[in-house]
Amino acid sequence: MERREETIRLWFRMWLEKEDLGIERIFDPCAVYVESWGPEYRGREKIKLWFEEWNTRGTVLRWDIRQFFHKDAQSVVGWYFQNAMDDGRQEIFEGMSLIRWTEEGKIAFLQEFGCNVSRYDPYRDGPEPRFQNEGAAWF
């Protein structure tokens with residue numbers, strides 16, 4: 001479990017430092033990575049391409065790990081994420097990543113799930129729900 005957590009921490013640190021510190025050590029050559037809003041990267045080389053290209057357009061400001069869960073060849077990590085894109089957009093959300101590991105301890109599959117941090121009670125003022133006037137988040 002400790003090795004898995006170190007691997008996940010390294011992956012998050014790479015984003016914060018905007019530097020490939022070992023994608024080849026972390027991901028299986030046939031790994032699949034699914035972002036919470038839809039993009040899917042098949043193979044370690046595509047994951048590396050995405051990492052390098054994304055970091056030319058934005059900066060991860062925070063990616064805080066909140067907790068880990070492990071069972072057999074799977075892990076779940078809960079986290080808080082914040083980024084700033086070069087075009088001025090900023091994103092803040094909570095999420096979880098579901099990870100499947102190879103026998104060699106590399107990531108074979110990673111899927112992210114996102115959750116809006118802007119929460120409210122639509123029934124605060126009574127039995128008729130009042131929803132905020134904002135579109136659904138992309139995740």
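Since we're looking at a predicted model, the values are computed, not measured. (Residues numbered from 1 in each chain as written. Predicted model: local features only at pLDDT ≥ 70, side-chain atom pairs only at ≥ 80, totals over all residues. Heavy atoms only, no water.)

> So what exactly am I meant to see when it comes to the overall build of the chain here?
Each helix and strand in the chain was counted, giving 3 helices and 6 strands. For the chain, the N- to C-terminal ordering of α and β elements is α-α-β-β-α-β-β-β-β. Taken along the three principal axes of its C-alpha coordinates, the chain extends 55 × 40 × 25 Å. Taking all 139 residues of the chain together, 40% fall into the buried category. Residue pairs at least 24 apart in sequence account for 45% of intrachain contacts in the chain once pairs closer than 6 positions are excluded. Entry remark: accessible area of the chain is about 8600 Å², with carbon and sulfur atoms responsible for 49%. Distance from the positive charge centre (20 side chains) to the negative charge centre (26 side chains) of the chain: 1 Å. (Helix = DSSP H or I, 4+ residues; strand = E, 2+ residues; numbered from the N terminus. Buried < 20%, exposed > 50% of the residue type's maximum accessible area, 1.4 Å probe, protein only. Contact = heavy atoms within 4.5 Å. Areas by Shrake-Rupley, 256 points an atom, 1.4 Å probe, with all protein chains shown as cover. Lys, Arg positive; Asp, Glu negative; His and termini not counted. Charge placed at Lys NZ, Arg CZ, Asp CG, Glu CD.)

> Teacher, can you tell me more about helix 3 (residues 44-54) here?
Because the α-helix completes a turn every 3.6 residues, residues three or four places apart line up on one side. Considered for burial, the residues of helix 3 that qualify are Arg 44, Ile 47, Trp 50, Phe 51 and Trp 54. An end-on view of helix 3 places all buried positions within 125 degrees of arc, on one side of the element. Set apart from the buried face of helix 3 by more than 90 degrees, the exposed residues are Glu 45 and Leu 49. Buried residues belonging to helix 3 abut helix 1 (2-17), helix 2 (23-26), strand 1 (27-34), strand 2 (40-42), strand 3 (58-71) and strand 4 (74-85). (Arc of directions from axis to C-beta.)

> How should I be thinking about the packing of aromatic side chains in this particular structure?
Aromatic ring pairs: the centre-centre distance and the angle between the two ring planes describe each pair. Per the counting criterion, the structure on display carries 18 aromatic pairs. Where Trp 11 meets Trp 50, the ring centres are 6.4 Å apart and the plane angle is 50 degrees; that geometry is what we call tilted. Residue Trp 11 is located in helix 1, and its partner Trp 50 is located in helix 3; the two are separated by 39 residues in the primary sequence. With respect to class, Trp 11 is no different from Trp 50; both count as buried. (Phe/Tyr/Trp six-rings, centres within 6.5 Å; stacked < 30°, edge-to-face > 60°.)

> Looking at this structure, how should I read the packing of helix 1 against helix 3?
Geometrically, a packed helix pair is captured by the angle between its two axes and the distance between the axes. Close contact between helix 1 and helix 3 brings their axes to 10 Å; oriented N to C, the two are set at 35 degrees. Crossing geometry of helix 1 relative to helix 3 is assigned as right-handed. Of helix 3, the residues touching helix 1 (which contributes Trp 11, Met 14 and Trp 15) are Ile 47, Trp 50, Phe 51 and Trp 54. Tallied by class, residues from the contact of helix 1 with helix 3 come to 7 nonpolar, no polar and no charged. (Axes fitted to C-alpha atoms, helices over the stretch in contact; angles between N-to-C directions. Left-handed = near helix turned anticlockwise from the far one by under 90°. Nonpolar A, V, L, I, M, F, W, Y, C, P; charged D, E, K, R; others polar.)

> Explanation requested: the sheet that holds strand 2 in the structure shown.
Backbone hydrogen bonds hold the strands of a sheet together, and the pairing may be parallel or antiparallel. Pairing is mixed in the open sheet, where 6 strands are placed in the order 2-1-6-5-4-3. Single-partner strands in this sheet number two, and they are strand 2 and strand 3. Along the sheet, successive strands turn relative to each other by an average axial angle of 20 degrees, direction set aside. Sheet analysis places strand 1 next to strand 6 (residues 107-116), joined by 4 bridges and oriented parallel. Bridging across to strand 6, Tyr 33 finds its partner in Leu 110. Its contacts with the sheet put helix 1 on strand 1, strand 3, strand 4, strand 5 (90-101) and strand 6, and the angle it makes with strand 3 is roughly 170 degrees. (Pairing = 2+ DSSP bridges.)

> Help me understand the nonpolar core in this model?
A general tendency of soluble globular proteins is for nonpolar side chains to be buried together. Trp 11, Trp 15, Phe 27, Tyr 33, Ile 47, Trp 50 and Trp 63 are the most contacted members of the largest nonpolar core, which totals 28 residues. Elements with a minimum of two residues in this core: helix 1, helix 2, strand 1, helix 3, strand 3, strand 4, strand 5 and strand 6. Residue contributions to this core peak at 6 residues, all from helix 1. The residues touching Trp 63, leaving out its near neighbours within four places in the chain, are Trp 11, Phe 12, Trp 15, Leu 16, Tyr 33, Trp 79, Tyr 80, Phe 81 and Glu 112. (Core = buried A, V, L, I, M, F, W, Y, C linked by side-chain atoms within 4.5 Å.)

> Whenever I open this one, a nonpolar patch on the surface confuses me. Can you help?
Judged by side-chain polarity, Phe 69, Met 96 and Phe 113 come together as a nonpolar surface patch covering roughly 290 Å² of accessible area. Within the element layout of this structure, Phe 113 appears in strand 6. Overall, Phe 113 belongs to the partly exposed group, its relative accessible area being 43%. (Patch = residues over 30% accessible without salt bridge, like charges linked within 9 Å, V, L, I, M, F, W, Y side chains within 5 Å. Salt bridge = Lys/Arg side-chain N within 4 Å of Asp/Glu carboxyl O.)

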